[in-house]
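If you want the building blocks of each chain, they are given just below.
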Amino acid sequence: MAKSKEGYFTEENSIDVVNERISEQCDPRLKEVMTVIVRKLHEAVKEIEPTQDEWMQAIMFLTQTGHKTDDWRQEFILLSDILGVSMLVDAINSRRPSGASENTVLGPFHIQGAPQLEMGANISLDGKGEPMYVSGRIIDTQGNPISGAQIDIWQANEDGFYDVQQKGIQPDFNLRGVFHTGEDGKYYFKSAKPKYYPIPDDGPVGKLLASLGRHPYRPAHFHYIVQKKGYETLTTHLFDPDDEYIHSDAVFGVKESLMADFKRIEDLKKIAEHGFTQPYFEVEYDFVLAREK
Ligand code: BEZ
Ligand code: FE
C-alpha cells in the first residue's frame, strides 16, 4: 500500500494524502476543483514556508474579510477583483469571435429595476457635473443593427460616487437608466462625465492594497449591460483614455478596445441642439454582440 494511502501525513506526501481522502462517490467536478486547489495550496505553502504567526495573520485576514461582508458589501468579491481573479474568470467565460465587443467586470454597484427611459433621456437627475452626450449602435458581427436590445447603463457622478453610496445626497437612480433600441439599433442618452473613484477601501482589502503599495482607484468609466435574446450578454464599460488611472486600474478592468474618445464640444449650435447650456463631452461607441453559442 502506498504510504499516502495509509493516511499518515508527511511534508513530502501532503498533497496525495489529502487528495486520496476524496470519495469516489464525490461529484466529479468538485473532485477536480478540490484536487487542483489542494495541490496548488500545498505547493504555495511549501514555497512560502510561513511561520505560525504568518499563517495566523492570513487566517485573521480572511476572518476580517468575512466579517466585513454583508448583504450590501461583498469584501470577498473585492478581494477577487484586486487579485485579478474576477477579470480572469470573466475572460475565460467570455471568449468571443473577433470583432465582438469585450466584457469587463460587473462590479458591485449594478442594481435591478433602474427606470426604463426613452432614447435621448438625461440620466443625470441632479444635473451636476460636466454634461455628456453618448451615442452609438448595437450591431451584430456582420454590422447589422440589432433592434430590441436592452441597454442598462450606470455610472458614478463627478465626485466618484454611485447613487447607492450616497443615499439622501444623490437622488435614487441618479445616473442609471435602461434603454431599448429601435430598428436602426441606435442608442443615445445624456449624462454627466464620470470621474475616477476608489473601490471601497475601508476594509481588509483596502488595507492589503495599501500594504502592497497599490492605490484603490478605478479610472473614469461608465457601465453597460447589453442584452438581446439569441446573443451573448455583454457586460462592459467605456473608459476615458485621458484618466490618470487608465494604466493602473485597481481591478484590472481596462481593455484597449473599451477606451472611448471623450470629445469636448464647444460649438454653440451643437450645445443648443442637445439642450445643454455649456460645453459638453461627446462619446460615440458601437457595441458588437456575438451570437449565443
Ligand atoms: C465598479 O466599476 O463599479 C467596480 C468594480 C469592481 C470593484 C469595485 C467597483
Ligand atoms: Fe464602476
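Per chain, the residues get numbers from 1 upward, laid out in the order the sequence is written. Chains and ligands are labelled sequentially in the order written, the chains with letters from A and the ligands with numbers from 1. Where local features are concerned, this predicted model is filtered to residues with pLDDT of at least 70; where side-chain atom pairs are given and counted, the filter is 80 or more; whole-chain, interface and lining totals use all residues. In computing side-chain properties, one takes all heavy atoms of the structure into account and sets aside hydrogens as well as water.

Participant: Can you explain the overall build of the chain? Please cite residues and give values.
Facilitator: Strands here mean DSSP runs of E at least two residues long; helices mean DSSP runs of H or I at least four residues long; both are numbered from the N terminus. Within the chain, the regular secondary structure consists of seven helices and eleven strands. Across its three principal axes, the chain shows a C-alpha extent of roughly 85 × 40 × 30 Å. Taken over 293 residues, the chain has a buried fraction of 42%. In the chain, 69% of the contacts between residues at least 6 apart in sequence involve partners at least 24 apart. Only the protein chains shown count as cover for residues, and all accessible areas are computed by the Shrake-Rupley method using a 1.4 Å probe. Element-wise, carbon and sulfur atoms account for 53% of the exposed surface of the chain, whose accessible area totals about 16,800 Å². Exposure categories follow from relative accessible area, calculated using a 1.4 Å probe and restricted to protein chains: below 20% of the type maximum is buried, above 50% is exposed, and the middle band is partly exposed. Any two residues whose heavy atoms approach within 4.5 Å are treated as being in contact.

Participant: I'd like to hear about the nonpolar core, residue by residue, with values.
Facilitator: Think of a nonpolar core as a cluster: buried Ala, Val, Leu, Ile, Met, Phe, Trp, Tyr and Cys residues, connected wherever their side-chain atoms sit within 4.5 Å. Core analysis: the largest hydrophobic core is formed by 29 residues, its most contacted members being I138, Y187, F189, F222 and Y224. For F222, the residues in contact, after removing those within four places along its chain, are M132, V134, W154, Q155, F189, P194, T236, H237, L238, F262 and V283. If you look at the next biggest cluster of nonpolar residues, it comprises eleven residues, including I82, V205, L209 and A250.

Participant: Tell me about the coordination of the iron ion (ligand 2), residues and numbers included.
Facilitator: Each protein donor to the iron ion (ligand 2) is listed here as Y162 (OH), Y197 (OH), H221 (NE2) and H223 (NE2); together their distances run 1.9 to 2.2 Å. Keep in mind that water is not among the atoms, so a site may look incomplete; donors are the N, O and S atoms within 2.8 Å of the metal, or 3.2 Å for Na, K and Ca. Here the donor residues for the iron ion (ligand 2) map to a single chain with the spacing Y-x34-Y-x23-H-x1-H. Residue Y162 is found in the loop between β2 (150–155) and β3 (176–180), and its partner Y197 is found in strand β5 (residues 197–198); the two are separated by 35 residues along the sequence. By relative accessible area, which is 0% here, Y162 ends up buried.

Participant: Lay out the domain arrangement of the chain in plain terms, naming residues and giving numbers.
Facilitator: These domain boundaries are the output of an automatic or database domain assignment. Looking at the assigned domains, one finds that the chain contains domain 1 (17–49) and domain 2 (82–289). Between the C-alpha centres of domain 1 and domain 2 the distance comes to 39 Å.

Participant: Tell me what's going on with unusual backbone geometry, and back it up with residues and numbers.
Facilitator: Even without a glycine there, the phi angle at E49 is positive, about 50°. What makes E49 exposed here is its relative accessible area of 59%.

Participant: Requested: an account of the sheet that holds strand β8 (residues 234–239), with residues and values cited.
Facilitator: Sheets are built from strands that pair by backbone hydrogen bonding, the pairs being arranged parallel or antiparallel. We call two strands paired when DSSP finds no fewer than two bridges between them. With antiparallel pairing, the four strands of this open sheet are ordered in space as β3-β2-β7-β8. Looking at which strands have only one partner, the edges of the open sheet turn out to be β3 and β8. Shown here is a sheet whose adjacent strand axes are inclined to one another by a mean of 20°, direction ignored. Here β2 pairs with strand β7 (residues 221–227) via six bridges, running antiparallel. Bridge assignment links I153 to a residue of β7, and that residue is Y224. Fitting a line to C-alpha atoms yields each axis, with helices limited to the stretch in contact; the angle taken between N-to-C directions then spans 0 to 180 degrees.

Participant: Let's hear about the packing of aromatic side chains: which residues, and what values?
Facilitator: Side-chain rings of Phe, Tyr and Trp, where Trp is taken by its six-membered ring, are said to pair if the distance between their centres is within 6.5 Å; with planes under 30 degrees apart they count as stacked, over 60 as edge-to-face, and otherwise as tilted. Tallied over the entire structure, the rule returns 16 aromatic pairs. On the numbers, 4.7 Å between centres and 15° between planes, the contact of Y217 with Y245 is stacked. With Y217 in strand β6 (residues 217–218) and Y245 in the loop between β8 and β9 (263–265), this pair connects stretches of sequence that are 28 residues apart. One aromatic cluster is present, formed by F179, Y187, F189, F222, Y224, F262, Y285 and F287 through successive ring pairs. Lysine and arginine charges are scored as sitting over a ring when NZ or CZ, respectively, is within 6 Å of the ring centre and within 35 degrees of the ring normal. Over the face of the ring belonging to F276 we find K190, whose NZ or CZ atom lies 5.5 Å from the ring centre. A cation sits over an aromatic face here: K193 above F281, 4.8 Å from the ring centre.

Participant: For the environment of Y188, give the residues involved together with the corresponding values.
Facilitator: Locating Y188 in the fold gives a position in strand β4 (residues 186–192). For the pair Y188 and S135, spaced 53 residues apart in sequence, the C-alpha separation works out to 4.1 Å. If sequence neighbours within four positions are ignored, Y188 has contacts with M119, G120, Y133, V134, S135 and F179.

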